[in-house]
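Architecture and fold: a report
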Amino acid sequence: MRHLLDKTYRGSAWIAAFAILAIALLVSSQVLLNIATRVFNLPLPSSIPSYADFAGFMLAAATFLAMPYTFRSGGHIKVSLITARLPAPVQLTAEIIALGLAAFLTGFTCVYVVMLVHESWHFNDLSNGTIAVPLWIPQCTMAVGMILLFVSILDALAQTITTRTAVIPNSEDV
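The structure reproduced in this document is the subject of the present report. Residue numbers here run from 1 along each chain, matching the order of that chain's written sequence. For this predicted model, a pLDDT threshold of at least 70 governs which residues receive local features, and a threshold of 80 or more governs which side-chain atom pairs are given and counted, while totals over whole chains, interfaces and linings are taken from all residues. Side-chain measures were taken over the full set of non-hydrogen atoms in the model, leaving aside hydrogen atoms and water.

1. Some remarks on the overall build of the chain
Just so we agree on the cut-off: For the purposes of this entry, the term helix denotes a DSSP run of H or I that reaches at least four residues, the term strand denotes a run of E that reaches at least two, and both are numbered from the N terminus. Our radius of gyration looks at C-alpha atoms and nothing else; its globule reference is 2.2 Å times the residue count to the power 0.38. Throughout, exposure labels follow a simple rule: accessible area from a 1.4 Å probe, protein chains only, divided by the maximum for the residue type, with under 20% read as buried, over 50% as exposed, and the rest as partly exposed. To measure how exposed things are, a 1.4 Å probe is used in the Shrake-Rupley method; for residues, cover is taken only from the protein chains shown. Asp and Glu count as negative and Lys and Arg as positive, but His and the ends of the chain are not part of the count. Lys charges are placed at NZ, Arg charges at CZ, Asp charges at CG and Glu charges at CD.
Check the secondary structure of the chain and you find four helices and zero strands. Beginning at the N terminus, the succession of helices and strands in the chain can be written as α-α-α-α. Since a compact globule built from 174 residues should have a radius of gyration of about 16 Å, the 21 Å found for the chain marks it as more spread out than a globular shape. In terms of principal-axis extent, the alpha carbons of the chain reach across some 70 × 40 × 30 Å. The buried share of the chain, reckoned over its 174 residues, is 30%. As displayed, the chain has an accessible area near 10700 Å², and 72% of this comes from carbon and sulfur atoms. Taking the average place of the 8 positive charges on the side chains of the chain and the average place of its 8 negative ones, the gap between the two points comes to 9 Å.

2. A few points about helix H4 (residues 136–163)
Threshold: Helix span, as expected, comes to 1.5 Å for every residue beyond the first.
Between its first and last C-alpha, H4 extends 39 Å over 28 residues, near the 40 Å set by a 1.5 Å rise per residue. One or two steps after H4, the chain reaches Arg-164, where phi turns positive at roughly 60°.

3. Examining the environment of Leu-99
As a reminder, the rule being used: The contact definition used throughout considers only heavy atoms, calling two residues in contact when any of these lie within 4.5 Å.
As for its position among the elements, Leu-99 is in helix H3 (residues 88–122). For the pair formed by Leu-99 and Tyr-69, sequence separation is 30 residues and the distance between their alpha carbons is 16 Å. Setting aside residues up to four positions removed in sequence, Leu-99 forms contacts with Phe-71, Ile-153, Ala-156, Leu-157 and Thr-160.

4. A word on the pattern of salt bridges
Two side chains of opposite charge can pair, provided their charged atoms sit close to one another. The criterion, for reference: Salt bridges are defined as contacts in which a side-chain nitrogen from Lys or Arg sits within 4 Å of a carboxyl oxygen from Asp or Glu.
Scanning all chains against the criterion turns up three salt bridges. With a shortest N-O distance of 2.5 Å, Asp-155 and Arg-2 are connected by a salt bridge. Placement of Asp-155 in helix H4 and of Arg-2 in helix H1 (residues 2–38) is noted, with a sequence separation of 153 residues between them. We classify Asp-155 as buried; its relative accessible area is 11%. Relative accessible area serves as the criterion here: at 30%, Arg-2 is assigned to the partly exposed category. Among the charged side chains, a network of salt bridges with common partners joins Arg-2, Asp-6, Arg-72 and Asp-155.

5. Brief notes about the nonpolar core
As a reminder of what qualifies: Buried Ala, Val, Leu, Ile, Met, Phe, Trp, Tyr and Cys residues form a nonpolar core when they are joined through side-chain atoms within 4.5 Å.
Core analysis: the largest hydrophobic core is formed by 16 residues, its most contacted members being Phe-71, Leu-99, Met-146 and Ile-153. Element by element, the count of residues in this core is highest for H4, at seven residues. Within the second largest apolar cluster, five residues are counted, among which are Ala-16, Ala-61, Ala-62 and Leu-65.

6. Quick look at the packing of H1 against helix H2 (residues 51–72)
Cut-off, in case you're wondering: Note on definitions: angles span 0 to 180 degrees between N-to-C directions of axes, and those axes are lines fitted to C-alpha atoms, for helices only across the stretch in contact. Should an angle lie under 35 degrees it is considered roughly parallel, over 145 roughly antiparallel, and from 65 to 115 roughly perpendicular; all remaining angles are considered oblique. Note on convention: the crossing is left-handed when the near helix lies turned anticlockwise from the far helix by less than a right angle, right-handed when the turn is clockwise. Residues are grouped as follows: Ala, Val, Leu, Ile, Met, Phe, Trp, Tyr, Cys and Pro are nonpolar; Asp, Glu, Lys and Arg are charged; all remaining types, including Gly, are polar.
Relative to each other, H1 and H2 sit at 155°, their axes nearing to 8 Å. It follows from the interaxial angle that H1 and H2 lie roughly antiparallel. As for how H1 packs across H2, the hand of that crossing is left-handed. Here the residues of the contact of H1 with H2 sort into 19 nonpolar, two polar and three charged.

7. Here we look at the packing of aromatic side chains
Basically, it comes down to this: Centres within 6.5 Å make a pair out of two Phe, Tyr or Trp rings, where for Trp the six-membered ring is used; the pair is then stacked when the planes are under 30 degrees apart, edge-to-face when over 60, and tilted otherwise.
By the definition in use, this model includes four aromatic pairs. An angle of 35° between the planes, with centres 6.0 Å apart, marks the rings of Trp-14 and Phe-18 as tilted. With Trp-14 and Phe-18 both in helix H1 and four residues apart, this pair spans about one turn of that helix. Ring geometry for Phe-108 and Tyr-112: centres 5.0 Å apart, planes at 55°, overall tilted. With Phe-108 and Tyr-112 both in helix H3, this residue pair falls four residues apart, about one helical turn. Grouped by ring-pair contacts, the aromatic residues Phe-104, Phe-108 and Tyr-112 constitute a single cluster.

8. Thoughts on the environment of Gln-30
Position of Gln-30 among the secondary structure elements: in helix H1. In this structure Gln-30 comes out as buried when scored by relative accessible area, which is 3%. C-alpha separation for the pair Gln-30 and Glu-119, spaced 89 residues apart in sequence, amounts to 33 Å. Leaving out residues up to four positions away in the same chain, Gln-30 has contacts with Ser-46, Ser-47, Ile-48 and Tyr-51.

Note that every value here comes from positions in space, so none of it alone points to a role or purpose.
Given below as structure tokens:
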């Protein structure tokens, strides 16, 4: 199970990385198109339709899909100013409480993100750009990222309880 979860978090991070690469390619293409039409007067269209919308959708996908891997690798900010000064048993208790609270809040957010996706699908909400995209499609990447973050927090909580040690490294150790 551990191997499957780690591969899932890593796969999600790779998809996020490809989304960032796609944003860079899309925006670079738009810049080159502007240069080609305005500087060199080439007979090309002046812009890529809805490129800003697509870049925004990919940014949301990259942000949310990167969260589970970033969390598990200790890349999120972990405030250890107080907990580092606590005795070891109290540190473990504080870690478990923090992970439990994070799991609760993330689970709560997951419910509402999934409801948002369902609502967008139900009402057939469309983006406002030149190319009308059903909003539930980019919102699904946000929901998947949040659900995977929730799973990774539950995973860390279960691992912390069973091993009796913190499994998420401090951000300053990374």
